[in-house]
There are 2 protein chains.
Amino acid sequence: MSKLEFLFNPEAIAVIGASRSPHKIGYAVLDNIIKSGFKGSIYPVNPGEGEIAGFKTYGSVKNIDTAVDLAVISVPARHVVQVAEECGQAGIKGLIVITAGFKEIGKEGLKQEQELISICSRYNMRMLGPNCVGLMDTHTPLNASFAEGIPNKGNISFISQSGAMLVSILDWSFEMGMGFSRFISTGNKANLSEIDLIESCADDPKTNVILCYVEDINDGERFIEVCSEASKKKPIIILKSGTSSAGAQAASSHTGALAGSNRAYDAAFRQSGVLRAKSMNDLFDMARAFATQPLPDQSRVAIVTNAGGPAIVATDAVEKNGLKMARFTKTTIDHLRDNLPKEANIYNPVDIIGDARDDRYRFALETILKDENVDSALVLLCPAAVTEPEETARTIVRLNKKYRQKPLMAVYMGGKALAEGRNYLTANSVPTFTFPEPSIQSLRGMIDYGKYLKKPELTKSESLNNIDQNKVRQTLDKVFADRRVVLLGHEASDVMSAYGISVSKTYLATSEEEAVEIGKELGFPVALKISSPRIAHKTDVGGVAIGLQNEKEVVRTYHKIMDSVRYYLPDAPIYGIEVQDMVGEGVEVIVGMSRDVQFGPLVVFGLGGIYVNLLEDVSFRLASALTVREEVEKMITETKAYQMLKGYRGEKPADIKALVDTIMRTAKLVSDFKEITEMDINPVRVHTKGSTALDVKITIEEVTRKD
Amino acid sequence: MSKLEFLFNPEAIAVIGASRSPHKIGYAVLDNIIKSGFKGSIYPVNPGEGEIAGFKTYGSVKNIDTAVDLAVISVPARHVVQVAEECGQAGIKGLIVITAGFKEIGKEGLKQEQELISICSRYNMRMLGPNCVGLMDTHTPLNASFAEGIPNKGNISFISQSGAMLVSILDWSFEMGMGFSRFISTGNKANLSEIDLIESCADDPKTNVILCYVEDINDGERFIEVCSEASKKKPIIILKSGTSSAGAQAASSHTGALAGSNRAYDAAFRQSGVLRAKSMNDLFDMARAFATQPLPDQSRVAIVTNAGGPAIVATDAVEKNGLKMARFTKTTIDHLRDNLPKEANIYNPVDIIGDARDDRYRFALETILKDENVDSALVLLCPAAVTEPEETARTIVRLNKKYRQKPLMAVYMGGKALAEGRNYLTANSVPTFTFPEPSIQSLRGMIDYGKYLKKPELTKSESLNNIDQNKVRQTLDKVFADRRVVLLGHEASDVMSAYGISVSKTYLATSEEEAVEIGKELGFPVALKISSPRIAHKTDVGGVAIGLQNEKEVVRTYHKIMDSVRYYLPDAPIYGIEVQDMVGEGVEVIVGMSRDVQFGPLVVFGLGGIYVNLLEDVSFRLASALTVREEVEKMITETKAYQMLKGYRGEKPADIKALVDTIMRTAKLVSDFKEITEMDINPVRVHTKGSTALDVKITIEEVTRKD
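Since we're looking at a predicted model, the values are computed, not measured.

About the cut-offs
- Residues numbered from 1 in each chain as written.
- Chains lettered and ligands numbered in written order.
- Predicted model: local features only at pLDDT ≥ 70, side-chain atom pairs only at ≥ 80, totals over all residues.
- Helix = DSSP H or I, 4+ residues; strand = E, 2+ residues; numbered from the N terminus.
- Buried ≥ 20, exposed ≤ 12 C-beta atoms within 10 Å, placed from the backbone.
- Contact = placed C-beta atoms within 7 Å.
- Domains from an automatic or database assignment.
- Pairing = 2+ DSSP bridges.
- Axes fitted to C-alpha atoms, helices over the stretch in contact; angles between N-to-C directions.
- Least-squares fit on C-alpha atoms with pLDDT ≥ 70 in both.
- Nonpolar A, V, L, I, M, F, W, Y, C, P; charged D, E, K, R; others polar.
- Expected span 1.5 Å × (residues − 1).
- Arc of directions from axis to C-beta.
- Right-handed = clockwise from strand over helix to strand, strands pointing away.
- Core = buried A, V, L, I, M, F, W, Y, C linked by C-beta atoms within 7 Å.
- pLDDT = per-residue confidence, 0-100.
- Parallel < 35°, antiparallel > 145°, perpendicular 65-115°, else oblique.
- Left-handed = near helix turned anticlockwise from the far one by under 90°.

*Asks:* I'd like to hear about the overall build of chain A, residue by residue, with values.
*Replies:* Of regular secondary structure, chain A possesses 25 helices and 30 strands. Structurally, chain A occupies a C-alpha span of about 95 × 80 × 40 Å along its principal axes. Looking at chain A as a whole, 56% of its 707 residues qualify as buried. Sequence-distant contacts in chain A: of pairs separated by 6 or more residues, those separated by 24 or more amount to 72%.

*Asks:* Just give me the short version of the domain arrangement of chain A, but keep the residues and values in it.
*Replies:* Here chain A is partitioned into domain 1 (5–207), domain 2 (294–454), domain 3 (456–502 + 583–707) and domain 4 (505–582). A C-alpha centroid distance of 67 Å is found between domain 1 of chain A and domain 4 of chain A.

*Asks:* Could you give me a rundown of unusual backbone geometry, with the residues and numbers involved?
*Replies:* Residues and elements named next belong to chain B. Residue Pro141 follows Thr140 across a cis peptide bond; omega there is -15°. The residue Pro141 is located in the loop between strand E8 (134–137) and strand E9 (142–145) in this model. The residue after Asn348, namely Pro349, is reached through a cis peptide bond having omega 0°. Mapped onto the secondary structure, Pro349 falls in the loop between helix H13 (330–339) and strand E17 (350–351).

*Asks:* Can you break down the sheet that holds strand E5 (residues 70–73) of chain A residue by residue, with the values?
*Replies:* Residue and element names in this part refer to chain A. Read from one edge of the open sheet, five strands run E2-E1-E5-E6-E7, paired in parallel fashion. Two strands in the sheet have a free side with no partner beyond their single neighbour: strand E2 (41–45) and strand E7 (126–128). With direction set aside, neighbouring strand axes in the sheet form an average angle of 20°. With four bridges joining them, E5 and strand E6 (residues 94–97) adopt parallel strand pairing. The residue bridging Ile73 from the neighbouring strand is Val97, located in E6.

*Asks:* For the relation of the copies chain A and chain B, give the residues involved together with the corresponding values.
*Replies:* Expressed as a screw operation, the relation of chain A to chain B combines 0.1 Å of axial shift with a rotation of 180°, fitting to an RMSD of 0.2 Å. Overall, the copies show the geometry of a two-fold rotation axis. When C-alpha positions in chain A are compared against the rotation axis, the closest is assigned to A:Leu615, at 4.0 Å. Of the residues that chain A buries at the interface, 98% are likewise interface residues in chain B, meaning the two copies contact each other through the same surface.

*Asks:* Kindly report on the interface of chain A and chain B, identifying the contributing residues and their values.
*Replies:* The interface is formed by 53 residues belonging to chain A together with 54 residues belonging to chain B. Ranked by the residues each element gives to the side of chain A that touches chain B, the list is headed by helix H5 (residues 163–176) of chain A, at eight residues. Taken together, the residues of the side of chain A that touches chain B break down into 24 nonpolar, 18 polar and eleven charged.

*Asks:* Summarise the pairing of strand E27 (residues 618–622) of chain B; cite the residues concerned and give the values.
*Replies:* Consecutive side chains along a regular strand alternate between the two faces of the sheet. Residues and elements named next belong to chain B. By the criterion of burial, E27 is predominantly enclosed, with four of the five residues buried. Examined bridge by bridge, strand E26 (residues 600–607) and E27 share five bridges and lie antiparallel to one another. Within E27, the residue paired with Val603 across the bridge is Arg621.

*Asks:* I'd like a rundown of the sheet that holds strand E1 (residues 12–16) of chain B, residues and numbers included.
*Replies:* Residues and elements named next belong to chain B. The sheet built from five strands is open, its strands ordered E2-E1-E5-E6-E7 with parallel pairing. The two strands at the open ends of the sheet, each matched to only one other strand, are strand E2 (41–45) and strand E7 (126–128). Mean inter-strand twist for the sheet, computed between neighbouring axes without regard to direction, equals 20°. Helix H2 (residues 25–35) contacts E1, E2 and strand E5 (70–73) of the sheet and is inclined by roughly 160° relative to E1.

*Asks:* Before we move on, can you summarise helix H21 (residues 551–568) of chain B with the specific residues and values?
*Replies:* Residue and element names in this part refer to chain B. With 18 residues, H21 extends 26 Å between its outermost C-alpha atoms, agreeing within 8% with the 26 Å of an ideal straight helix rising 1.5 Å per residue. Among the residues making up H21, those that are buried are Val554, Thr557, Tyr558, Ile561 and Val565. When H21 is viewed along its axis, its buried side chains cluster within an angular range of 115° and face the same direction. Facing away from the buried side of H21, by more than 90 degrees, are the exposed residues Lys552, His559, Asp563 and Tyr567. Packed against the buried residues of H21 are helix H20 (512–522), strand E22 (526–531), strand E23 (544–548) and strand E24 (576–581).

*Asks:* Outline the pairing of strand E1 (residues 12–16) of chain A, supporting the account with residue identities and numerical values.
*Replies:* All names here are of chain A. For E1, the tally of buried residues reaches four of five residues, placing the bulk of the element in the interior. Note: E1 against E2, five bridges, orientation parallel. The partner of Ala14 across the bridge, within E2, is Tyr43. In the classification by handedness, the crossover that spans E1, the intervening helix H2 (residues 25–35) and the parallel E2 is right-handed.

*Asks:* Residue-level account of the nonpolar core, with values.
*Replies:* In terms of nonpolar packing, the biggest core is built from 423 residues, with A:Ile198 and B:Ile198 touching the most fellow members. Once you skip the residues sitting within four places of it in the chain, B:Ile198 turns out to touch B:Ile159, B:Ile210, B:Cys212, B:Val226, B:Cys227, B:Ala230 and B:Ile236.

*Asks:* For the environment of A:Phe524, give the residues involved together with the corresponding values.
*Replies:* Residues and elements named next belong to chain A. Its location among the elements puts Phe524 in the loop between helix H20 (512–522) and strand E22 (526–531). What makes Phe524 partly exposed here is the crowd of 15 C-beta atoms within 10 Å. Residues Phe524 and Val554 lie 30 residues apart in sequence; the distance between their C-alpha atoms is 9.7 Å. Not counting chain neighbours up to four residues away, the residues in contact with Phe524 comprise Gly519, Leu548, Gln549 and Asn550.

*Asks:* If you had to explain the confidence of the model for chain A to someone new, which residues and values would you point to?
*Replies:* Residues and elements named next belong to chain A. Looking at chain A, pLDDT values average 92 and 96% of them are 70 or higher. Contacts for the low-pLDDT stretch residues 246–250, under 50 throughout, to residues beyond four places or in other chains number five contacts. Reported confidence for the predicted complex is 0.90 by ipTM and 0.91 by pTM.

*Asks:* Please give an account of the packing of helix H11 (residues 280–292) of chain A against helix H17 (residues 436–454) of chain A that cites residues and values.
*Replies:* Residues and elements named next belong to chain A. For the pair H11 and H17, the least separation of the axes is 9 Å and the interaxial angle reads 65°. Overall, the two elements H11 and H17 adopt an arrangement that is roughly perpendicular. For the element pair H11 and H17, the recorded crossing hand is right-handed. Taken together, the residues of H17 that come into contact with H11 (itself represented by Asn281, Asp282, Asp285, Met286, Ala289 and Phe290) are Pro438, Gln441, Ser442, Leu443, Gly445 and Met446. The class makeup of the residues in the contact of H11 with H17 is six nonpolar, four polar and two charged.

*Asks:* Requested: an account of the environment of B:Thr539, with residues and values cited.
*Replies:* With respect to the helices and strands, B:Thr539 occurs in the loop between E22 and E23. Considering only alpha carbons, one finds B:Thr539 and B:Ile346, 193 residues apart in sequence, at a separation of 62 Å. Among residues more than four places away in sequence, those in contact with B:Thr539 are A:Arg649, A:Gly650, B:Val544 and B:Ile610.

In structure tokens:
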């Protein structure tokens with residue numbers, strides 16, 4: 001039995017605020033429950049009325065003498081807290097609060113909403129809403145909402161943070177012939193959020209696909225935890241809206257500027273196996289594919305068509321979506337050649353030409369479905385004089401059932417001439433589209449999900465040695481004591497060393513003499529870098545010089561740097577100049593972190609240097625994913641920097657293993673120290689052996705410790 | 001009168017191959033012409049029959065005693081040439097050859113097709129097809145095709161290289177309530193191609209938008225010439241399919257690998273003001289918007305909605321498509337605040353909330369349409385209890401007419417509850433969508449086109465001085481005489497100099513002594529580069545060394561390079577080693593050219609160096625567009641390299657003017673010498689003053705001179 005069963009399949013429902021007046025929501029709710037064919041008991045609650053719609057009414061839930069699982073509340077906002085309290089006292093397990101006028105109206109509403117939350121917690125009740133449309137379960141059946149009608153039975157659950165969208169999709173679904181198992185409006189998510197509902201739908205035997213529209217996710221950690229499990233059971237497809245880039249623009253670090261909450265959502269979805277829909281069309285296109293078809297084994301697509309043009313469009317889409325056109329076996333090709341007219345194209349896409357009747361579709365489609373090199377098939381049909389769209393629809397359905405391990409989709413390009421065939425396909429669980437591109441895009445989603453499922457259980461998290469937390473704690477405490485938020489170069493260097501990250505040796509010089517001394521000690525050549533708490537991008541103000549070969553150059557450059565910095569930033573406090581040893585050649589990459597408010601530390605990897613923000617050759621992971629070596633490796637391969645690391649065009653390969661180690665240690669560091677809010681190691685120079693963090697910028701802020 | 005008027009609006013039509021048998025195409029054609037309500041004369045031609053459908057038949061067109069403009073031919077392929085000849089003799093101006101069995105079936109068919117072409121040319125006839133569906137003009141009215149039915153009257157012309165797609169769209173258009181002015185199937189394009197038809201539709205007063213599905217374009221130069229003119233009159237939207245990347249993969253130069261015919265089509269479309277549709281949905285979505293709405297002045301969009309969620313989705317789409325959310329004037333905001341419920345959102349998107357009836361839509365929509373900061377508006381409507389979708393549809397239509405200078409679109413999110421309103425909107429020329437994203441994407445297309453139209457007439461082509469064509473001719477002749485296809489470094493260097501492109505001095509040394517001599521003459525430091533006709537990427541084989549400071553280093557490196565090259569490519573013929581002077585610092589970019597089979601020389605500009613193919617930071621133009629300075633500047637700004645050239649993060653700006661000059665001269669060079677098939681200048685180093693071509697690779701092939 002799934003969690004929250006009392007919400008979706010209650011034995012008895014109280015309808016609090018039930019009304020006899022057809023204009024009231026309380027009327028609609030009661031009416032909908034009755035009309036949906038709900039088989040349990042129904043108790044209207046309304047102090048004013050004696051009987052509604054043939055049901056005895058109660059003045060309060062407390063007066064109902066049998067156990068009630070679920071109460072649907074639509075009383076005015078000012079009464080909701082009181083009513084919820086009574087529900088708690090009556091031992092009710094679930095509330096659906098339809099009433100609006102809570103958090104969404106401001107401070108006063110928020111207070112009321114918090115009261116509701118604490119009542120739920122006190123009585124161990126779970127609550128949907130407030131400010132929601134309600135929910136529907138087509139299999140119970142139950143429509144506990146104020147939206148009229150209940151969708152066709154199906155195996156898709158749709159959870160929506162927008163009630164209006166839910167109602168729109170309900171209306172639209174009839175036109176599309178789409179079926180659903182559950183429709184859930186999350187409203188203000190005061191107690192139950194999409195996370196709880198995804199968890200419940202994952203255990204619902206009637207649900208095969210979980211769709212979700214969300215505007216925000218409030219508990220990132222739990223989202224990942226729950227979805228990682230749920231996505232192993234069934235596909236979760238989410239349309240996330242409202243991701244503005246405004247936040248990212250304000251960031252001061254390289255990583256911060258690249259990150260933004262959109263990247264964090266991407267990383268979180270990916271990490272938990274959630275598919276992200278690109279648009280509303282994409283959401284429902286994918287839903288139809290997943291709801292009815294098996295996952296393809298690999299990405300080799302075969303196409304059967306009665307027209308060339310649309311097949312070329314489909315082939316373009318295959319390439320654009322990163323799928324492959326299947327190459328048939330010789331048996332298939334011979335068989336097609338022997339049986340199709342000589343004008344036909346027997347290679348993929350198989351063009352059975354304009355005068356194809358159903359028999360030719362049947363033959364060609366079955367032939368390619370049998371081919372071991374074909375993982376999925378697309379049937380294209382354009383109306384022509386002799387086309388038999390209904391007959392062919394039946395053929396497609398039959399073959400889809402026969403070759404049930406291979407997903408099959410149809411593109412019926414046309415209008416009324418094909419309507420009957422299209423309806424038959426839809427009614428018989430073959431996803432059918434008007435134009436080719438969306439079918440291929442949906443297939444891409446299925447292939448992505450299939451790959452996710454097939455990913456071998458990752459090796460366990462690695463524990464890293466040579467980690468000195470205390471040393472970092474001391475450094476950070478010193479910076480806090482100093483009331484600074486940015487670590488100086490040598491402090492950052494200490495932090496790196498404490499976490500076993502190889503870093504170029506850096507010492508602070510406060511005079512030219514000291515710089516020369518340090519230079520001699522490190523051995524020439526050395527680099528000089530300005531040290532100031534106010535200067536984030538040192539190169540921009542002439543604050544960096546490299547490759548200084550001797551004492552004389554150090555002295556001269558020391559002054560040159562000071563002059564330049566003074567020129568650009570006359571008021572910046574200067575601590576001195578850092579002297580750094582020069583390290584060997586290598587590929588320069590960035591490893592950085594920006595802390596996302598929902599999902600925590602988001603780690604970036606990519607091409608390094610001053611052009612990092614310009615080139616944006618980066619990949620992202622939440623730090624929590626980077627305890628596993630394979631995941632770090634995958635993160636690296638997603639960038640063009642990887643091509644350079646591998647040894648681009650004859651250059652020697654760089655030490656990727658050392659880089660992986662640096663990324664894992666960075667991820668651990670930012671996970672261990674929540675004080676670190678932003679971090680750039682740019683560049684990390686990856687040598688043919690080993691790697692060195694050359695420039696490390698760490699920004700911190702005091703945090704209220706959780707533990 | 002538009003060109004090809006005899007095709008679309010003939011006075012008399014001969015139907016050659018007209019038949020009494022309903023299964024024959026000749027029957028369908030005649031039947032369609034009659035049923036379409038064609039008002040001119042109709043002459044069935046069929047030696048066997050006396051009368052068809054009440055019309056007297058003729059044994060041959062030559063027997064018809066009045067003048068005939070157009071003949072539609074559906075006789076068997078073997079008779080077509082003969083029939084066409086007779087048409088020519090009879091003084092017919094236009095042929096529509098529906099019959100298939102020509103070029104598309106191979107050699108024999110191609111021969112027949114060439115005969116048709118020469119007959120057309122002999123008699124000055126124009127021919128649609130062969131192997132086509134025919135054409136329709138809803139305003140004539142005329143259905144001269146074998147496809148049943150004629151679209152609703154409208155102002156969109158659709159030209160399709162795929163006949164099946166045309167028939168599909170015809171059927172689909174009824175379901176969508178879309179209207180068309182012309183439907184044209186181009187078939188094999190033996191005589192009339194989409195270019196001629198675009199030209200004709202551009203002059204057709206009943207056509208406001210030209211849609212086109214093409215698989216190839218055969219006369220790139222004429223396409224650009226015709227479309228550049230036509231697109232000034234009305235929007236041309238093309239879906240180009242079948243652009244495989246296979247060609248690009250085989251290329252040997254950097255530019256060749258980046259180019260590919262897809263880029264050439266992009267460049268050609270852009271140059272001629274043609275909009276490229278991303279998908280079939282995109283093609284028809286844009287068509288609906290263009291067909292009914294004015295072009296927005298700028299990109300500031302306002303949204304009115306009765307639901308928050310869908311408005312956020314629309315806002316995301318606005319950002320994703322590079323449009324702007326309008327910021328209302330204070331007057332607008334005050335007016336909205338004073339008249340909307342306090343729960344409403346009075347900023348953009350204006351949320352008039354779920355209980356909005358029509359009056360609120362009317363008020364809010366009119367208020368924002370009046371705002372001078374608003375260029376276009378989107379109305380979102382979700383079904384709710386009190387929503388008045390039909391009433392609001394009428395309001396939208398009324399306001400769209402009143403504020404006719406601002407484009408308006410509707411998203412009616414739902415199914416049957418909104419069907420009537422949606423139909424009313426469509427019937428009254430307001431583009432209406434189910435989900436928000438496609439509406440915004442269409443708007444984006446309109447804004448792009450508006451920008452194209454507003455582009456100031458570009459300054460005249462510049463003529464470049466210091467060009468020595470003879471010198472280049474001599475160099476190329478020498479290479480041809482040598483039976484080589486790749487110029488050696490010093491030869492390429494000569495070509496650059498002859499066209500006034502600043503190039504680093506390069507001399508060929510065939511011994512270490514000679515290298516030293518040249519080095520002394522140029523002055524140290526110098527660079528050494530292997531010279532071999534077989535080595536395209538010298539760095540890959542250790543064939544390049546830079547910064548050699550003295551004679552000793554030159555000698556040592558000379559041997560090192562030889563050893564390395566011998567190791568990698570023991571069989572490569574080696575001409576020696578080129579000694580080059582070292583030039584000043586600067587931003588390294590690539591300027592290159594790859595010759596496209598349809599559109600001629602395609603010039604690339606972008607970030608240079610060995611990572612050019614990895615980073616793919618490039619922009620493309622046909623050389624023919626690069627005679628105008630502004631266009632070259634625009635080309636540069638489209639890349640990230642431009643950010644570097646401008647002086648990225650404190651660096652000094654590079655000499656963009658010198659770079660523009662180099663690109664213009666390169667474009668002229670490749671236009672003047674058709675022998676040059678591929679060319680890479682990688683890098684061009686752009687200094688703070690001037691620029692230098694450092695490594696120039698030119699590939700040539702003998703061409704048959706045209707002139």
